[in-house]
Amino acid sequence: MIMIPSESVSTNKAAQSFHKAGARLRDWMWVVSHQWSLLHVAMGFLLGRAVILQELSPFSIPFFTVMFFIKKNRLALIAVSLIVGGATQSIQIAGTNFFGIALALAMLGFMEHRKKSEINYAPIIAFLAVLLSRMGADYITNQFSWYQLFMNGVDSVLGLILTLIFVQALPIVTSRRSRNQLKSEEIICLIILLASVMTGTVGWLIQDVAVDNVLSRYLVLLFAAVGGGTVGSAVGVVTGLVLSLANIDAVYQISLLAFSGLLAGLLREGNKLAVGIGLLIGSSILTVYVGQQREIMQSTFETVSAIVMFFLTPRGVLNWIGSFIPGTEENIDSQQQYLRRIRDVTAGKMNQFAKLFSQLSDTFNTQIGDHSDTEKKQDYFLSEVTRHTCQRCWKKDQCWERQFDSTYQEMTEMMKTLEEEGEITVYSAPKNWLKKCIKQERVFQVIEQEYARQQNQADINKQIAKSRLLVADQLAGVSRVMQNFASEVQKEGIHLHLQEEQILSSLESMGLSIRNVDILNLEEGKVDIEISQPSCNGRDECVKVIAPLLSDIVGEKITVKEKNCQAFADGFCTMCLGSAQEFEIETGVAGAAKGGQLLSGDCFKIMELGNGKMALAMSDGMGNGERAYLESSTTLDLLEKLLESGMEETLSIKSVNTVLSLRSPDEIYATVDLALVDLHTAKTKFIKTGSTPSFIKRGNEVIPLSANNLPIGIIDDIDVDVVSCQLKPGDLLIMMTDGIYDAARNVENKNLWMKRKIAEIKTNDPQEIADLLLELVIRHHYGEIIDDMTVMVTRIDRYSPAWATIPVPNAPSINRPRYVS
């Protein structure tokens, strides 16, 4: 038996009691803040008793008018708090607030009855309510005069302006916001609202410590700690200005709070103590300059009280405030979280669409086997034959009722004989059946007709099945593309501000004048950096200086991907630099149209697909001239779009084949010769559909490459064979159309003849080789161009930067962030 100490039992009970008490406190605070609207009541009380310029109280009516649109279900509590707050100052202010609220409520009710209750009318309603209530109070108290009329006009104008301010500020502290960033004018309006609320505490003293001064300095501390010196000084100016209107003797508070907020904000990079010391130093300097000894001690106590309140403020409150201030780290994190949510939602939608397309692909891939059942086919076949022959025969009962088994077997044998021999005659029909059937010729005719119809239907079903499988493959390809896109969207990188500053300082230390550095990607092998600098007037500093310097800073070969000289009107240019591939290619093309015409049916494209992949494609349209050109160019254009979208090469070829085969009922086809080169590894994939062999020249060796695929556009479904080959530096890849390959028509082995001609070429320049091969074929036919001819020669070499890496003295170590998908 285990004994539990009584001390542990009592400790657990105390912890449970404390937890229950905390839960009750949280529930009570939620009820007070949400159901009783304690915050709004407290604000109403302080704004109701706030007085500026010793006689104006313009805050109550604007606050009530705006709250009518925000918290209509708490209007009674808010109205009572405004009146009670005014009563703490004087009965006249309370009465004026009451009449003003009644007038505003009447006008708002009238507008709501007319279905024009919009917050845009709130400033006008507040203006009229303030003016009419003040004039009514002056008339009742017999204080009506031109001076009072003027002050009433000032009061009502202030009410209109405050309404515009409260419309911007009250939703910030009243409701949850969908966006976590405040505009500059919203921040100013919020500070004016808070300062107006503090005005209600003017005159409150605790042991000679003014509550309004403590709260104003606490407010400056909060915003200086999260927003820096600029925000701190701005809050100080606005708060001091509003409080000085309530107490004329405190005009110096404007400069005191502004200077204190500036010093506190400048020390925000430290801890709370550093911010508090900055406020204390700023307030002490100005107080010593303008005050007496008693005022100095009183100001010091007020500042220390504000600092103590600041120390007691949880860090979470500062982070929450900072998330609304533009430019702060908290706001940037908040924006990044919002962007991350948008990214996750977008990726989720893309994955849903990918799953949808995958499900559709699975649906099309499902084989329906009803018509594949042999017995059912036989039964259906025999039922159709007997319906047209035996149904109206007078011997039907004898054949199908008395001798059903033998008749069924004999008809089945005739059907099998027809399938094997292609026809049925009296010599191949069963003997017993010939003896009892009196409509032999009719039966033979119907069997052959039904068999032909059934074969046609089988061919149609086969075509439908092929088309269904092709659609399934295409849907699966689209699904994979969308899944890849979703994974790219979900790729999350760490902020690269530190790395940008490191690169900027390193380049400037070498004497360069850099305007901006933006790092889009710092992943190894996928570096993408944009830099802008003053125009070098054609000296190619980006290639000769910046790229070599970045190669040393980043730690891998960097090359200029794109440059826009003098892209900006102010004389600055921008450049895009990225990781250099291990290999590079140089291509030369030569071609001629049949009979020396201008338009050739052969087309070619050199496509950059991204991620270090290049596509070399050639197409030969059927025939010659414009129509052949349209077919081949359309084929390559569509193929380019599909490859750039991320679709697999085999599926892209099949998709182009489907489009061409369905576009026209005529027999139109085009050959495609495609080579996909990975510049990181030099591994190359070849896809040939009806095209001639390609050749790789490696030193004195010539290697042919061929594949047995039909041209695209002839049949609905084609099988695409992919041939892979590892290229080496210095290899020459030679691709040609049939006009070049088939030129030697009197040669039996054209493959060997072309290999010999290529081996005899001594130059390694791609353009020279292309020109020599074209000239060789034309000379072979005595200067006559008998067909469209195109030859494309590509040489692969290791990438060697034109300018060597420039070492940077004391270059910082660039930390590459890890990317998480």
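What you are looking at is a predicted structure, and each value in this text was computed from that prediction instead of being measured.

A short note on the sheet that holds strand β6 (residues 572–579)
In spatial order, the strands read β3-β4-β6-β5; together these four strands make up an open sheet with antiparallel pairing. At either margin of the open sheet sits one strand with a lone partner, and together these are β3 (516–521) and β5 (558–564). Strand-to-strand twist of the sheet, defined as the mean angle between neighbouring strand axes without regard to direction, takes the value 25 degrees. The sheet contacts of helix α20 (residues 497–509) involve β3 and β4 (528–534), and relative to β3 the element is tilted by about 135 degrees. Across the sheet, helix α21 (residues 541–554) is in contact with β4, β5 and β6; its angle to β5 comes to roughly 140 degrees.

As for the sheet that holds strand β15 (residues 732–736)
The five strands are arranged β7-β16-β15-β12-β13 in an open sheet whose pairing can be described as antiparallel. Whereas interior strands pair on both sides, the edge strands pair on one side only; in this sheet they are β7 (583–592) and β13 (701–705). The sheet shows a mean angle of 20 degrees between the axes of neighbouring strands, taken without regard to direction. Two elements, β15 and strand β16 (residues 789–798), share five bridges in a ladder whose sense is antiparallel. Within β16, the position partnered with M736 by the bridge is V791. This element, helix α25 (residues 750–760), spans β12 (694–698), β13 and β15 of the sheet and lies at about 35 degrees to β12. Across the sheet, helix α26 (residues 766–780) is in contact with β7, β15 and β16; its angle to β7 comes to roughly 25 degrees.

Thoughts on the packing of helix α2 (residues 38–48) against helix α3 (residues 60–70)
Here α2 crosses α3 at 155 degrees, and the two axes come no closer than 9 Å. Taken together, α2 and α3 sit at an angle that is classed as roughly antiparallel. The segment α2 lies against α3, with H40, M43, G44, L47 and G48 engaging S60, F63 and M67. Here the contact of α2 with α3 is composed, by residue class, of four nonpolar, four polar and no charged.

Notes on the side chain of N152
If you trace the backbone, N152 turns up in helix α7 (residues 146–174). A polar atom in the side chain of N152 sits 2.7 Å from the side chain of D138. If we skip the residues at most four places from it in the chain, N152 touches L131, R134, M135 and D138.

Description of the environment of W400
Its place among the elements puts W400 in helix α16 (residues 396–402). Given the relative accessible area of 17%, W400 is considered buried. Once the C-alpha coordinates of W400 and C390 are considered, the two residues, 10 residues apart in sequence, prove to be 8.8 Å apart. W400 has contacts with T386, C390, T407, Y408 and M411, leaving out every residue within four places of it along the chain.

Analysis parameters
Residue positions are given per chain, counting from 1 as you read along its sequence in written order. Local features in a predicted model are, by the rule used here, given only for residues with pLDDT of at least 70; side-chain atom pairs are given and counted only at 80 or more, and totals for whole chains, interfaces and linings are based on all residues. Side-chain metrics in this entry use all non-hydrogen atoms of the structure; hydrogen atoms and water are not considered. The criterion for strand pairing is that DSSP finds at least two bridges linking the strands in question. Only DSSP runs of H or I covering at least 4 residues are called helices, and only runs of E covering at least 2 are called strands; the numbering of each starts at the N terminus. Fitted lines through C-alpha atoms give the axes, limited to the stretch in contact for helices. The angle between two N-to-C directions lies from 0 to 180 degrees. Contacts are assigned to residue pairs with any non-hydrogen atoms lying within 4.5 Å of each other. Orientation is classified from the angle alone, with under 35 degrees giving roughly parallel, over 145 giving roughly antiparallel, 65 to 115 giving roughly perpendicular, and any other angle giving oblique. Side-chain classes follow a simple rule in which Ala, Val, Leu, Ile, Met, Phe, Trp, Tyr, Cys and Pro form the nonpolar group, Asp, Glu, Lys and Arg form the charged group, and the remainder, Gly included, forms the polar group. The term polar contact refers here to a pair of N or O atoms within 3.5 Å; inside protein, the definition further demands a hydrogen-donor-capable atom paired with an acceptor-capable atom, and it admits residues adjacent in sequence only when both atoms are side-chain atoms. Any residue under 20% of the maximum accessible area for its type is buried, any over 50% is exposed, and the rest in between are partly exposed; the area is computed with a 1.4 Å probe on protein chains only.

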